[in-house]
Amino acid sequence: MPAKKYKRVLLKLSGESLMGKMSYGIDPEIVAYIADEVAKAVKSGIEIGIVIGGGNIFRGLSASKQGIERNTGDYMGMLATVINSLALQSALEKKGVYTRLQSAIRMEEIAEPLIIRRAARHLEKKRVVIFSAGTGEPFFTTDTAAALRAIEINADVIIKGTRVDGVYDSDPEKNKNAKMFKELTYHEVLEKNLRIMDLTAITLCQENKLPILVFNMNKKDNLKKLLSGQKVGTIVQ
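Residues numbered from 1 in each chain as written. Predicted model: local features only at pLDDT ≥ 70, side-chain atom pairs only at ≥ 80, totals over all residues. Heavy atoms only, no water.

## Comments concerning the pairing of strand 1 (residues 8-13)
Looking along a regular strand, one sees side chains alternate from face to face of the sheet. The criterion, for reference: Using a 1.4 Å probe on the protein chains alone, a residue whose accessible area is under 20% of its type maximum counts as buried, one over 50% counts as exposed, and one in between counts as partly exposed. Segments assigned H or I by DSSP are reported as helices when at least four residues long, segments assigned E as strands when at least two residues long, and all are numbered from the N terminus. Pairing between two strands is assigned when DSSP locates at least 2 bridges connecting them. Consider the strands pointing away from the viewer: the crossover is right-handed when the path from the first strand over the helix to the second runs clockwise.
With six of six residues buried, strand 1 lies mostly within the body of the structure. Of the two faces of strand 1, both are covered, the one formed by Arg8, Leu10 and Lys12 as well as the one formed by Val9, Leu11 and Leu13. Sheet analysis places strand 1 next to strand 2 (residues 47-52), joined by six bridges and oriented parallel. In the strand pairing of strand 2, leucine 10 is matched with glycine 49. Crossover connection from strand 1 via helix 1 (residues 28-43) to parallel strand 2: handedness right-handed.

So, in structure tokens, the structure goes:
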């Protein structure tokens, strides 16, 4: 395997990525697959933090359209991210990967409170740290939480796992002629309204000069290739 390019990364996964072919919930086979891909990266010496969304279980913004107050719906969505994080933690530990779950909402029985210095120490010891419950505050997405945590732990890059090969000018699952970008600037992402992450997250990354790498998590060994410096996906910087 080539020399690793990154020392510490933040992996952002959507809640929907855990559904597999299901219409709702968590597919154990997909979670086991993701855990296996992360385990390979850990064995190569990479320090990994993870943020997972909760859209496969509950999405606060959608709930607000159904009459639930936005802040209440967002807290419900944060709890959904904890459920997903617990599922991934269990799968990783079955692979022999030491894992710590931290939550931005205190729930000591199942997760450590969010303490960045402690998280950094876990990462130094090559433990995977899963950051759950978003930012701990309503009105912020898990994209923003991922950007914030990446900056706080001094990650080299945010890597966003998707089910397509990178960032396209239109939806490649709907348009066979969609063009994939190999490289983009933060300004181009905002100007073209490419929606790889929300506006707040992109702005945080831009202000802190934190690259974003978007790749296909569903291709076996893609994560390991990316972390070793091979050209995979789309990089925004």
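## A closer look at the side chain of aspartate 27
To be explicit about the condition: The charge count treats Lys and Arg as positive and Asp and Glu as negative. His and the chain ends do not count. Criterion for a salt bridge: a side-chain nitrogen of Lys or Arg within 4 Å of a carboxyl oxygen of Asp or Glu.
Structurally, aspartate 27 is set in the loop between strand 1 and helix 1. The charged side chain of aspartate 27 is buried without a salt bridge, its nearest counter-charge being lysine 21 at 8.4 Å.

## A closer look at the nonpolar core
Side chains that are nonpolar tend, in soluble globular proteins, to be buried together. To keep it simple, the criterion reads: Think of a nonpolar core as a cluster: buried Ala, Val, Leu, Ile, Met, Phe, Trp, Tyr and Cys residues, connected wherever their side-chain atoms sit within 4.5 Å. By definition, residues are in contact when any of their heavy atoms lie within 4.5 Å.
Among the nonpolar cores identified, the biggest contains 34 residues, and Val38, Ile48, Ile50, Leu88 and Ile159 are the most heavily contacted of them. For this core, the secondary-structure elements that each account for two or more residues are strand 1, helix 1, strand 2, helix 3 (70-94), strand 5 (128-132), strand 6 (157-162), strand 10 (212-216) and helix 8 (222-227). Top element by residues in this core is helix 1. It accounts for seven residues. What isoleucine 50 contacts, discounting residues up to four positions off in sequence, is Leu10, Leu11, Leu13, Val38, Leu88, Leu92, Val128, Val129, Ile130 and Phe131. Counting residues in hydrophobic clusters, the runner-up holds 27 residues, among them Leu123, Ile153, Ala201 and Val236.

## Considerations on the packing of helix 1 against helix 3
What counts here: Convention adopted: a line fitted to C-alpha atoms gives each axis, helices being fitted over their contacting stretch, and angles between N-to-C directions are expressed from 0 to 180 degrees. For this classification, under 35 degrees means roughly parallel, over 145 means roughly antiparallel, 65 to 115 means roughly perpendicular, and everything else is oblique. For any pair of crossing helices, the crossing counts as left-handed if the nearer helix is rotated counterclockwise from the farther one by less than a right angle, and right-handed if it is rotated clockwise. Under this grouping Gly is polar, as are all residues other than the nonpolar Ala, Val, Leu, Ile, Met, Phe, Trp, Tyr, Cys and Pro and the charged Asp, Glu, Lys and Arg.
Relative to each other, helix 1 and helix 3 sit at 60°, their axes nearing to 9 Å. It follows that helix 1 is oblique to helix 3 by the angle criterion. For the element pair helix 1 and helix 3, the recorded crossing hand is right-handed. Between helix 1 and helix 3, the residues in contact are Val31, Ile34, Ala35 and Val38 and Ala87, Leu88, Ala91 and Leu92, respectively. Taken together, the residues of the contact of helix 1 with helix 3 break down into eight nonpolar, no polar and no charged.

## Thoughts on the sheet that holds strand 11 (residues 234-236)
What the nine strands build is an open sheet, ordered 4-3-5-2-1-6-10-11-9; its pairing is mixed. Lying at the two open borders of the sheet, with one neighbouring strand each, are strand 4 (112-113) and strand 9 (183-184). By the bridge criterion, five bridges tie strand 1 to strand 6 in an arrangement that is parallel. When the bridges of strand 6 are listed, valine 9 appears paired with valine 157.

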